[in-house]
Amino acid sequence: MAMMHYEFRVEGRLTDEAMAAFGDMRITEVPPETVIDGEVLDESHLHGIIVQLQALGITVVAAHPIPE
């Protein structure tokens, strides 16, 4: 998997701690969800982002690559 642009839609608003954890990604509130998007380097990085979201107690609604 080559570097791709991904979008993660999560439930609700992010805490300051969660926003800091994803500081290298763009965060946009679209009530009742929040969109986190940015570059994902490879499959390992993708899994790491998902694990980090889960560790922060954030519910992922959708995750998908964005064609460039």
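Structure: above.
Residues numbered from 1 in each chain as written. Predicted model: local features only at pLDDT ≥ 70, side-chain atom pairs only at ≥ 80, totals over all residues. Heavy atoms only, no water.

Peer 1: Would you mind going over the overall build of the protein in detail, with residue names and values included?
Peer 2: Tallying secondary structure elements over the protein gives two helices and four strands in all. Along the first, second and third principal axes, the C-alpha set of the protein runs to 30 × 20 × 20 Å. Relative to its full complement of 68 residues, the protein shows a buried share of 28%. Residue pairs at least 24 apart in sequence account for 72% of intrachain contacts in the protein once pairs closer than 6 positions are excluded. Total accessible area on the protein stands at roughly 4,300 Å², and carbon and sulfur atoms take up 55% of it. (Helix = DSSP H or I, 4+ residues; strand = E, 2+ residues; numbered from the N terminus. Buried < 20%, exposed > 50% of the residue type's maximum accessible area, 1.4 Å probe, protein only. Contact = heavy atoms within 4.5 Å. Areas by Shrake-Rupley, 256 points an atom, 1.4 Å probe, with all protein chains shown as cover.)

Peer 1: Can you break down the pattern of salt bridges residue by residue, with the values?
Peer 2: Using the criterion set out here, one finds four salt bridges in the structure. Put simply, E7, R9 and E33 are held in one network by salt bridges that share partners. (Salt bridge = Lys/Arg side-chain N within 4 Å of Asp/Glu carboxyl O.)

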